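Okay, here's what each chain looks like letter by letter:
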Amino acid sequence: MTDCLVENARIVTDAGLQRGSIAIEDGTIAAIGSALSVTGADADRVLQADGMVALPGAIDVHTHMHDPSLFPDDINFASQTESAVAGGVTTVIELPTQTPVTTPSAIREKRDECAKLAHIDFGLVAGNVQETGTDVGGVLEAGVPDFKTFTAEPYRTDDEVIVDLMRDVGAAGGSVRVHCESQAILDRARDRLEGTDPELYPQSRPLEAELEAISRMGWFAEYADCPLHVVHISSGSGAAVADRFMSRANVPVTLETCPQYLAFSADDVETRGPFLKVNPSLKSDTEVERLWQALRDGTIDLVATDHFPTHRADREQGWDDIWEPYAGLPGVETMLEFLVSEGVHEGRISWSRLLELVCARPARESGMYPRKGSLAVGTDADIVLLRNDPWDVSADELTYNGGWTPFEGRTWSWRVDTVITDGAVAARDHDAVADPGDGSFLARGPRTTVD
């Protein structure tokens, strides 16, 4: 007997949308397509999609969700993975925020702690690496092949340490993620500014800081023979610089951007103020359009959120002093609806490109494909059904418990209807029904070649 049958969906494939059904048994996809032998009479449960779009559960490879030394008690891996699944994200990669997680024992401790709280499956990243001597082999044995480091404060790492890390990680089969902004350029820009107005913040982190650091890290990665993942590229020019390097590099280089850099420009800070404080900062309208082009043409490999949760009151203080609140935006619950509504619906990207950006490529880069990121027989039954149903974005309608979203007031054309994880309904209409502990840690091994 089939556990669940999703009938009459428009399934996203590499070729576009195809009508069909999905049969689920024991948490995996047992059959998929337009001519299944399974019928509703053969299933314990039938979900009638009524032509809704079916996509693999989205994978967010860049989130900051759990740090008891930084976040208040109600912002933790439980509340944030609940928010994730409500928005159609069924797997997350959690990165360190303020507390370093760079040793095998720290990895195991965080893994066990998060597993008790996780609504969905998850992986971890080792970071923030600032010193030499990281036990790269031990961290990989603990199921974590990715290492995070910074070229800028507050976790800036010396160049020689980054190169040493890249050598060790590359030799072990891992990859290094880098926050790319040049601290020297940031310092010079900040020294020229006086005042506390929110509009000053984008000026304090100019475009050239990103361009210089991306180029430098690209050369380091090639020299050290280490796969490089450039996180949260904020500009089309940054993508172009990385693309020029990628065309001649002898190591894999992957590029990530985030919804905030596609949705907002520096001009929006005038009205949204501290609710758009993010590192790297927002750039010009021209850079936003160039970034969309890079997303469309394949220069950008994947989209993630850099999800950083805070309460509304913590952001409000930035109206008086923009230098006071932490930089970072919540986004895990809204990523998919943004990309469908303002990307696919507006003709900026196709359904197939969306599949690559938030499902297939994140899964490949994270060592989870094809178990995650695809709808095929034998894969995890992580499925999102989306309906074409215009709505006004409001924090009040989201599961996220911070009380705000940078997308407040925007009208979107698509909404997450039903989310399935491991074959069971985990959320409906931004109402999560999965429980803490339903998710599992995904141990990931050394990197394999990505096509």
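Coordinates for the structure precede this section.
Residues numbered from 1 in each chain as written. Predicted model: local features only at pLDDT ≥ 70, side-chain atom pairs only at ≥ 80, totals over all residues. Heavy atoms only, no water.

(A) Spotlight on the packing of helix 7 (residues 207–224) against helix 8 (residues 236–246). Contact geometry of helix 7 with helix 8 gives a least axis separation of 9 Å together with a crossing angle of 20 degrees. Put simply, helix 7 runs roughly parallel to helix 8. Where helix 7 crosses over helix 8, the two elements pack in a sense that is right-handed. Each of Leu207, Glu210, Leu211, Ile214, Ser215, Gly218, Trp219 and Glu222 in helix 7 lies in contact with helix 8, whose residues at this interface are Ser237, Gly238, Val241, Ala242 and Phe245. Here the residues of the contact of helix 7 with helix 8 sort into seven nonpolar, four polar and two charged. (Axes fitted to C-alpha atoms, helices over the stretch in contact; angles between N-to-C directions. Helix = DSSP H or I, 4+ residues; strand = E, 2+ residues; numbered from the N terminus. Parallel < 35°, antiparallel > 145°, perpendicular 65-115°, else oblique. Left-handed = near helix turned anticlockwise from the far one by under 90°. Contact = heavy atoms within 4.5 Å. Nonpolar A, V, L, I, M, F, W, Y, C, P; charged D, E, K, R; others polar.)

(B) Just the sheet that holds strand 6 (residues 58–63), in detail. Spatially, the three strands line up as an open sheet ordered 6-7-8, and their pairing is parallel. Across the chains shown, the open sheet's two edge strands, defined by having one partner strand only, are strand 6 and strand 8 (121–124). On average, each strand axis in the sheet is inclined to that of its neighbour by 20 degrees, with strand direction left out of account. The sheet contact formed by strand 6 and strand 7 (residues 89–94) spans four bridges and is parallel. Among the inter-strand pairings, Thr63 is bridged to a residue of strand 7, identified as Glu94. The strands touched by helix 1 (residues 77–86) within the sheet are strand 7 and strand 8, with strand 7 carrying the most contacts at an inclination of about 140 degrees. Set on the sheet, helix 2 (residues 104–117) makes contact with strand 7 and strand 8; between it and strand 8 the angle comes to about 160 degrees. (Pairing = 2+ DSSP bridges.)

(C) Up close: the packing of aromatic side chains. As enumerated under the stated definition, the model contains 14 aromatic pairs in all. Residues Trp351 and Trp414 carry aromatic rings whose centres are separated by 5.3 Å and whose planes lie at 80 degrees to one another, so their mutual orientation is edge-to-face. Here the residue Trp351 occupies a position in helix 14 (residues 351–365), and Trp414 occupies one in strand 15 (residues 411–421), the gap between them amounting to 63 residues. As far as burial versus exposure is concerned, Trp351 and Trp414 are alike and both buried. Aromatic ring contacts, followed pair by pair, group Phe264, Trp292, Phe338, Trp391, Phe407 and Trp412 into a single cluster. When the ring centre of Phe264 is taken as reference, the NZ or CZ atom of Arg410 above it lies at 4.9 Å. The ring of Trp391 has Arg415 sitting right over it, with the charged end atom 4.2 Å from the ring centre. (Phe/Tyr/Trp six-rings, centres within 6.5 Å; stacked < 30°, edge-to-face > 60°. Buried < 20%, exposed > 50% of the residue type's maximum accessible area, 1.4 Å probe, protein only. Lys NZ or Arg CZ within 6 Å of the ring centre and 35° of its normal.)

(D) Spotlight on helix 11 (residues 285–297). Taking 1.5 Å of rise per residue, 13 residues should cover 18 Å, and helix 11 covers 19 Å from first to last C-alpha, within 8% of that figure. Where helix 11 is concerned, the buried positions are Glu287, Val288, Leu291, Trp292, Ala294 and Leu295. Down the axis of helix 11, the smallest arc covering the buried residues is 160 degrees, so these residues share one side. (Expected span 1.5 Å × (residues − 1). Arc of directions from axis to C-beta.)

(E) Expanded view of the sheet that holds strand 10 (residues 175–179). Spatially, 9-10-11-12-13 is the arrangement adopted by the five strands of the open sheet, whose pairing is parallel. Each having just a single partner strand, strand 9 (146–150) and strand 13 (302–303) make up the two edges of the open sheet. The pairing of strand 11 (residues 228–233) with strand 12 (residues 253–257) spans four bridges and is parallel. Following the sheet pairing, Ile233 is matched in strand 12 by Thr257.

(F) Seen up close, the pairing of strand 15. With respect to burial, strand 15 is a largely interior element, 10 of its 11 residues being buried. Here strand 14 (residues 383–392) runs beside strand 15; their pairing, made up of eight bridges, is antiparallel. In the strand pairing of strand 15, Leu385 is matched with Thr418. Once strand 15 ends, the chain turns through two residues before running back antiparallel as strand 16 (residues 424–428), passing Asp422 with a positive phi of about 50 degrees.

(G) Up close: the pattern of salt bridges. Inspection of the entire model under this criterion finds 25 salt bridges. The shortest N-O distance in the salt bridge between Glu397 and Arg415 comes to 3.3 Å. With Glu397 in the loop between strand 14 and strand 15 and Arg415 in strand 15, the pair connects residues that are 18 residues apart, well separated along the chain. You can call Glu397 partly exposed: its relative accessible area is 38%. (Salt bridge = Lys/Arg side-chain N within 4 Å of Asp/Glu carboxyl O.)

(H) Region of interest: the nonpolar core. Judged by nonpolar contacts, the single largest core of 100 residues is most densely connected at Val92, Met166, Leu336, Trp351, Leu354, Val358 and Leu386. Grouped together as the second largest cluster of nonpolar side chains are 17 residues, Cys4, Met52, Leu385 and Val425 included. (Core = buried A, V, L, I, M, F, W, Y, C linked by side-chain atoms within 4.5 Å.)

(I) Structural view of the environment of Gly33. Note on placement: Gly33 falls in strand 3 (residues 28–33). As a C-alpha pair, Gly33 and Ser341 span 308 residues in sequence and 26 Å in three-dimensional space. Leaving out residues up to four positions away in the same chain, Gly33 has contacts with Arg19, Gly20 and Ser21.

(J) Representation of the pairing of strand 11 within the structure. In terms of burial, strand 11 is a largely internal element, six of the six residues being buried. When strand 10 meets strand 11, the two strands line up parallel, connected through three bridges. Bridged to Val176 within strand 11 is Leu228.

(K) Examining the side chain of Glu256 more closely. Note on placement: Glu256 falls in strand 12. Of the buried charged residues, Glu256 lacks a salt bridge, with Arg177 as the closest side chain of opposite charge at 4.8 Å. One polar contact links Glu256 to His62, side chain to side chain, over a distance of 2.8 Å. For Glu256, the side chain forms a polar contact with the side chain of His229, separated by 2.9 Å. Look past the residues within four positions of Glu256 in its chain and what remains in contact with it is Val61, His62, His229, Val230, Val231, His232, Ile233, Leu302 and Ala304. (Lys, Arg positive; Asp, Glu negative; His and termini not counted. Polar contact = N/O pair within 3.5 Å; in protein donor to acceptor, adjacent residues only side chain to side chain.)

(L) Inspection of unusual backbone geometry at higher detail. A cis amide bond, omega 0 degrees, links Gly127 with the succeeding residue Asn128. Inspection of the secondary structure puts Asn128 in the loop between strand 8 and helix 3 (136–141). A cis amide bond, omega 5 degrees, links Tyr369 with the succeeding residue Pro370. Mapped onto the fold, Pro370 is located in the loop between helix 14 and strand 14.

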